[in-house]
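Structure at a glance
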Amino acid sequence: MNLASPNIVWIRNDLRLNDNPALYHAAKQGSVIPVFIWAPHEEDKSPGAATKVWLNASLRSFQKDLHKLGVRLLFAKGNSLDVLKDLINRSNAEAVFWNERYEPKIHKRDQQIKNELLSILDVQTFNGNYFLSPGTVKNSSGSPFKVFTPFWKNCLSKVDVNKITPKPKLLRSANDKLVYNSLEDLNLTGKAKWEEKIALSWNQGEAASHKILTSFLRKSHDDYNVNRNLPSLNGTSTLSPYLRFGQISPNYILHKLRASLPRTWKNSQFLAEIGWREFSCHLLFHYPEIITEPLRKEFKNFPWLNNKKHLSCWTKGLTGYPFVDAGMRQLWQTGWMHNRVRMVVASFLVKDLLIDWRKGAEWFWDTLVDADLASNTLGWQWVAGCGADAAPYFRVFNPVLQSRKFDANGKYIKKWINQLSKLNSSEVHLPNQENELFDKTGDYPNPIVNHSEARINALAAYETVRGSQR
DNA sequence: TGAAATGTTGGGGCG
DNA sequence: ACGCCCCAACATTTC
């Protein structure tokens, strides 16, 4: 251990000090050089606009956190291997540490980089962002689970509940002279108003995620099963973007949950939702082609309509179904959408409009601050009925009934659609039906499709899939 | 982590 | 008092 031969910590989706095994072990073995490399061309899918806004703010925050512990976060752009090799040469590093990622292309890239670097120096990689490494959860016949419940049961039986890596107390800086780029040089954000608005509507740091978790466990977890479905409340944790960038880890959440509910934590529906994130990651690891292909092959030739005008109405929140439009506007304005509403807008796109789930996944990928390749892909396939443990195709959400059920007084709708603010709770779920409401709703559009007709069409399309299955 | 269509039941109006 | 019908209300089946 000496300052002349430091350890490089390759920072990726792990912008945290707590429970960060790569950072911790590097620090334990000597001085550290943390580096973030912007290489969007190496990703399975180049990060979307909203994620870049989040990433930008988060990197700034993490830079500060590291600085407080005595080290500078380096920024670079280009090919990851080239940057790492250059940094190794210039710093005389003796080892490189990182926390693993499991998206297919990235995972393959990392394996290649690891092999390449191992001929020069020591490389240590860790599973820091999931409970278990993908590939280690199999059923009795040795294949991956395709149904959530048995997967999760198996997961819970294997997970090491005490596995949490301490926060390093002080980091020894290796070399202050090394400079690549500034955060601004990475050009993650422009000066657009929406970018600023999204950046300001959140507090992106690791510390913020801990506050959110603490407050959620104290105030909201008890009523989670009911309140998580009501988008006008803050019944969900809103931790998704923090999990996406590793500002908080599943192990850390589990650690706090167990402290809060020592006897009943295993039954937590909230924890199960983190389980779905795990499930998605493991499935994508085993079936890399599902980013673009349906997991259930019989959906390969599904007769999507892909009406461009309809797609455009959906993205803009102009479908004429208030609950759907409110969700799409919340997404556009904040980079986030309540989970219940995500299911409804997704069902509307895929089933009422018969637009390919991949179009929806693209839009979410670009607009969600928590856009994660595995969760996004599997979530959309689930709604479309072609994924794992998927909603049966004949389960078609009625956007008006969902609205009445989960936003009875229209509070959520009115928050996001100004034109509907004057309607009472019986009018707000489906206005503009050839009646006198027109004066109250301004230019809010009429429904672009009739739901009951759309439902019949969707079921007919499903028949063709069932036919090809035989 | 649906909703619509269809079936069943039982109370009450009424001839 | 009785049978008949209507139709909520609930249950089951189907998509």
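You'll find the structure just up there.
Because the structure is predicted, anything quoted here is derived from the model rather than measured. (Residues numbered from 1 in each chain as written. Chains lettered and ligands numbered in written order. Predicted model: local features only at pLDDT ≥ 70, side-chain atom pairs only at ≥ 80, totals over all residues.)

1. Observations regarding the overall build of chain A
A tally of helices and strands in chain A yields 20 helices and five strands. In terms of overall size, chain A behaves like a compact globule, its C-alpha atoms giving a radius of gyration of 24 Å where 470 residues would be expected to give roughly 23 Å. Overall, chain A is about 80 × 50 × 45 Å in size when its C-alpha atoms are taken along their principal axes. Every one of the 470 residues in chain A was classed for burial, and the buried ones make up 44%. Long-range pairs, those at least 24 residues apart, make up 77% of the contacts in chain A with a sequence separation of at least 6. (Helix = DSSP H or I, 4+ residues; strand = E, 2+ residues; numbered from the N terminus. Rg over C-alpha atoms; globule rule 2.2 N^0.38 Å. Buried ≥ 20, exposed ≤ 12 C-beta atoms within 10 Å, placed from the backbone. Contact = placed C-beta atoms within 7 Å.)

2. Focus on the pairing of strand β4 (residues 95-99)
Of all the five residues making up β4, four are buried; the element is thus mostly covered by neighbouring parts of the structure. Relative to β4, strand β1 (residues 7-11) runs parallel, the two being bridged by four bridges. Opposite N7, over in β4, you have A95 as the bridge partner. As paired strands, β4 and strand β5 (residues 122-126) are joined by five bridges and run parallel to one another. Bridge pairing in β5 places V96 opposite V123. (Pairing = 2+ DSSP bridges.)

3. Concerning helix α17 (residues 399-406)
For the α-helix, the turn length of 3.6 residues means that residues three or four positions removed from each other point alike. Burial in α17 covers these residues: P399, Q402 and S403. Summarising the axial view, the buried residues of α17 lie within an arc of 100°, below the 170-degree limit, and thus occupy one face. (Arc of directions from axis to C-beta.)

4. What to know about the sheet that holds strand β3 (residues 74-77)
Sheet strands pair by backbone hydrogen bonding; their relative direction is either parallel or antiparallel. Taken together, the five strands give an open sheet; going across it, the order is β3-β2-β1-β4-β5, and neighbouring strands pair in parallel fashion. The open sheet is flanked by β3 and β5, the only strands paired with a single partner. Here the strands of the sheet are splayed against their neighbours by 25° on average, with no regard to which way each runs. Of the strand pairs in this sheet, β1 and strand β2 (residues 32-38) are connected by five bridges, and their pairing is parallel. Across the sheet, residue I8 finds its bridge partner in β2, namely I33. (Axes fitted to C-alpha atoms, helices over the stretch in contact; angles between N-to-C directions.)

5. Re the protein's contact with DNA strand B
All residues adjacent to DNA strand B are W276, M343, A391, F394, R395, V396, F397, N398, L401 and Q402. Grouping the amino acids of the surface near DNA strand B by side-chain chemistry returns seven nonpolar, two polar and one charged. (Near = placed C-beta within 6 Å. Nonpolar A, V, L, I, M, F, W, Y, C, P; charged D, E, K, R; others polar.)

6. A word on the environment of S31
One can find S31 in the loop between α1 (21-28) and β2. Judged by C-beta crowding, with 22 C-beta atoms within 10 Å, S31 ranks as buried. Through-space distance from the C-alpha of S31 to that of I8 is 8.6 Å; in sequence the pair is 23 residues apart.

7. A closer look at the nonpolar core
In terms of nonpolar packing, the biggest core is built from 120 residues, with I8, V9, W10, I33 and V35 touching the most fellow members. Broken down by element, the residue count for this core peaks at nine residues, all from helix α2 (residues 49-68). In this structure I8 touches I33, V35, L84, L87, I88, S91, A93 and V96, once residues within four positions along its chain are discounted. (Core = buried A, V, L, I, M, F, W, Y, C linked by C-beta atoms within 7 Å.)

8. Focus: the packing of helix α3 (residues 80-91) against helix α4 (residues 104-118)
Orientation of α3 relative to α4, taken along the N-to-C sense of each, is 25°, at an axis distance of 11 Å. Looking at the two axes, α3 sits roughly parallel to α4. When you trace α3 past α4, the crossing you get is right-handed. Counting all contacts with α3, which are made through S80, L81 and L84, the residues of α4 involved are I113, E116 and L117. Its residues assigned to classes, the contact of α3 with α4 comprises four nonpolar, one polar and one charged. (Parallel < 35°, antiparallel > 145°, perpendicular 65-115°, else oblique. Left-handed = near helix turned anticlockwise from the far one by under 90°.)

9. Examining the pairing of β3
In the sheet, β2 pairs with β3 via four bridges, with the strands oriented parallel. Residue pairing across strands places V35 opposite L74, the latter belonging to β3.

10. Looking at unusual backbone geometry
Even without a glycine there, the phi angle at D19 is positive, about 50°. Considering the arrangement of structural elements, one finds D19 in the loop between β1 and α1. Of the residues examined, D19 has 24 C-beta atoms within 10 Å and is grouped as buried. Phi angles above zero are rare outside glycine, and N187 is one such case at about 55°. Mapped onto the elements of the fold, N187 is located in the loop between α5 (148-158) and α6 (193-200).

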